[in-house]
Amino acid sequence: MAKAAPTKPAKPSSSKKSTKSLTGAPSQLNQSSRKAVPAVFSRPSSATSKKRKALVSHEEKARLLRIGKRPRKGPFNSVVDPSEFGAGSAMLELSEAVKKSGTYDAWAPQEEVAVKDGLETVMPKAIKAPAFTRVRDTIELNAVAQPHQGTSYNPPVEAHQELLLQAHEAEERRVREAEKRAEVKEKMEAAKRDVEEANPAVATGMKLHDEVHEEEDGEEEDAVEEVLAKKLPGRKTQAQRKKAARLLAEKRELAERAMRKRMLSAIPSARSLRRTNAQMLSAREKELAEKRATEEEKLKQHGLAGQRLGKHRVPEGHVDVQLGEDLSESLRALKPEGNLFRDRFLSMQQRALVEPRVPVLPKKQRTKTVEYEKHAWKRFE
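Each value, and the rule that gives it
Residues numbered from 1 in each chain as written. Predicted model: local features only at pLDDT ≥ 70, side-chain atom pairs only at ≥ 80, totals over all residues. Heavy atoms only, no water. Buried < 20%, exposed > 50% of the residue type's maximum accessible area, 1.4 Å probe, protein only. Helix = DSSP H or I, 4+ residues; strand = E, 2+ residues; numbered from the N terminus. Arc of directions from axis to C-beta. Polar contact = N/O pair within 3.5 Å; in protein donor to acceptor, adjacent residues only side chain to side chain. Phe/Tyr/Trp six-rings, centres within 6.5 Å; stacked < 30°, edge-to-face > 60°. Patch = residues over 30% accessible without salt bridge, like charges linked within 9 Å, V, L, I, M, F, W, Y side chains within 5 Å. Areas by Shrake-Rupley, 256 points an atom, 1.4 Å probe, with all protein chains shown as cover. Salt bridge = Lys/Arg side-chain N within 4 Å of Asp/Glu carboxyl O. Expected span 1.5 Å × (residues − 1). Lys, Arg positive; Asp, Glu negative; His and termini not counted. Charge placed at Lys NZ, Arg CZ, Asp CG, Glu CD. 1 Å grid on protein atoms, 1.4 Å probe; cavity = no way out; pocket = protein on both sides within 12 Å on 5 of 7 lines; lining within 4 Å. Points joined across faces, edges and corners; volume = space filled by probe spheres on them. Nonpolar A, V, L, I, M, F, W, Y, C, P; charged D, E, K, R; others polar. pLDDT = per-residue confidence, 0-100. Contact = heavy atoms within 4.5 Å.

Undergrad: What exactly am I supposed to notice about helix α4 (residues 58-67) here?
TA: Given 3.6 residues per helical turn, the α-helix brings residues three or four places apart onto the same face. Of the positions making up α4, those classed as buried are Ala 62, Arg 63 and Arg 66. Along α4, the residues classed as buried sweep out an arc of 100 degrees about the axis, all on the same side. The N-cap residue of α4 is Ser 57: its side-chain oxygen and the backbone nitrogen of Glu 60 are 3.3 Å apart. Backbone geometry just downstream of α4 places Lys 69 in the positive-phi region, at approximately 60 degrees.

Put into structure tokens, the structure is as follows:
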């Protein structure tokens, strides 16, 4: 009878499935089996999508789409026009600063807070409003000054004469100042011409007069003669030294007696001197107070007109007046004069709202001829 061949025992099916499912190197298998944290997947799963919240809100996403000029869908799948109001990238809602505007006062008195012992230095100090007086708060000048009666097209005779006198005084003052400036300028030019005529070869301001040199030479000669004439004093004897010391002591004693006598005579009159000094101080203070009061009154009525502030002086204004033959008897024949913009700007300067300025006029560009010296006389053949 034939014997059956020996057969190997069959392995369980579960082990086969496990060996087929695991692929890769043994080191990778060991690492994957030892990981405690699962791997990160790029695609969100159903478990993670439910737990996570949207990082960007719907409003922020719509705003970013508006900034990127991307088409956005509205209701019923309609495309929103980016040019309409509210569809741009600007924020239409009010900010917190705008909502709270006008509610904070920096100079409002703060409520007193009870401070515990030992915390006085830690607590912040209260802000104090600066106390100072401004010039424009003192001025009571109107923004639009009331015109003088003499500026009317049909003014009263007295008002017209008064306005003419004011214009005449202002013009005389201006002419005197111009003449004074011209006189000073003429003196300077005359001194410069004298120096140039005396020695045209020497530059202006570099000439030394011969008279000064002659006087200095004479003084030096006199000093040399005096030095030569003086002789060295001889040595004093013992009697002469004692006599000089005695005379010096007598002079000092007389001076001390005179000083003591003046002091004793001044002591009884100390009260009278104190009284006269107090009277002088009170009179001076009264004079200063009156001067200050007059300046304040002038500042209230006329503002800063005529005062110097910085480099420039505040103008007093031009007196607009017409002569008797230029006056018109009706409004139809009236010619407009003056400048309203100039009047308003002058009023702001006088009320210390605008600093005094000088009109800057455009300068004309002048062509200058440039001369060149050619060396033709050096080049000969």
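Undergrad: I'm lost on the packing of aromatic side chains in this one. Help?
TA: Two descriptors summarise a pair of aromatic rings, namely the distance from one centre to the other and the angle between the planes of the rings. Tallying each qualifying case throughout the model produces one aromatic pair. Each ring, one from Phe 341 and one from Phe 345, has its centre 6.5 Å from the other, and the planes form 10 degrees; the classification is stacked. Here Phe 341 pairs with Phe 345, and both are found in helix α11 (residues 340-350), just four residues apart, close to one helical turn. We classify Phe 345 as partly exposed; its relative accessible area is 31%.

Undergrad: Looking at this model, I keep getting lost on a nonpolar patch on the surface. Mind explaining?
TA: On the surface, Val 113, Val 115, Leu 119, Val 122 and Met 123 cluster together into a nonpolar patch covering about 430 Å² of accessible area. Residue position: Val 113 is located in the loop between α5 (96-99) and α6 (135-138).

Undergrad: I tried to follow the pattern of salt bridges on my own but got confused; where do I start?
TA: If you walk through the whole model with that rule in mind, you get eight salt bridges. The partner of Asp 137 in a salt bridge is Arg 134, with the nearest N and O atoms 3.2 Å apart. On the accessibility criterion, Arg 134 (37% relative accessible area) is partly exposed. The partner of Glu 186 in a salt bridge is Arg 193, and the shortest N-O contact between them spans 3.3 Å.

Undergrad: Explanation requested: helix α7 (residues 157-198) in the structure shown.
TA: Between its first and last C-alpha, α7 extends 61 Å over 42 residues, near the 62 Å set by a 1.5 Å rise per residue. If you check which residues of α7 are buried, you get Ala 159, His 160, Leu 163 and Ala 167.

Undergrad: Whenever I open this one, a negative patch on the surface confuses me. Can you help?
TA: A contiguous patch of negative charge, built from Glu 140, Glu 295, Glu 296 and Glu 297, is present on the exposed surface. You can see Glu 140 is positioned in the loop between α6 and α7. Note on Glu 140: relative accessible area 52%, which makes it exposed.

Undergrad: Just checking my understanding: could you explain unusual backbone geometry for this structure?
TA: Most peptide bonds are trans, and most residues other than glycine sit at a negative phi. Look at Ala 352: it is not a glycine, yet its phi comes out positive at around 60 degrees. Within the fold, Ala 352 resides in the segment after α11. Residue class for Ala 352 comes out partly exposed when judged on its relative accessible area of 25%.

Undergrad: Explain the layout of surface pockets here, please?
TA: If a probe the size of a water molecule is rolled over the atoms, the empty space left behind becomes visible. Volume-wise, the second largest pocket comes out at about 250 Å³. A class-by-class count of the residues in the lining of the second largest pocket yields five nonpolar, one polar and three charged.

Undergrad: Even after reading the chapter, I still don't get the confidence of the model for the protein chain, so can you show me in this structure?
TA: Within the protein chain, residue pLDDT values average 76, and 73% of them lie at 70 or more. The least confident element of the protein chain is helix α1 (residues 13-21), whose mean pLDDT is 44; the most confident is helix α9 (residues 238-266), at 90. Here residues 1-22 scores under 50 on pLDDT; set against residues more than four positions off or in separate chains, the count is one contact.

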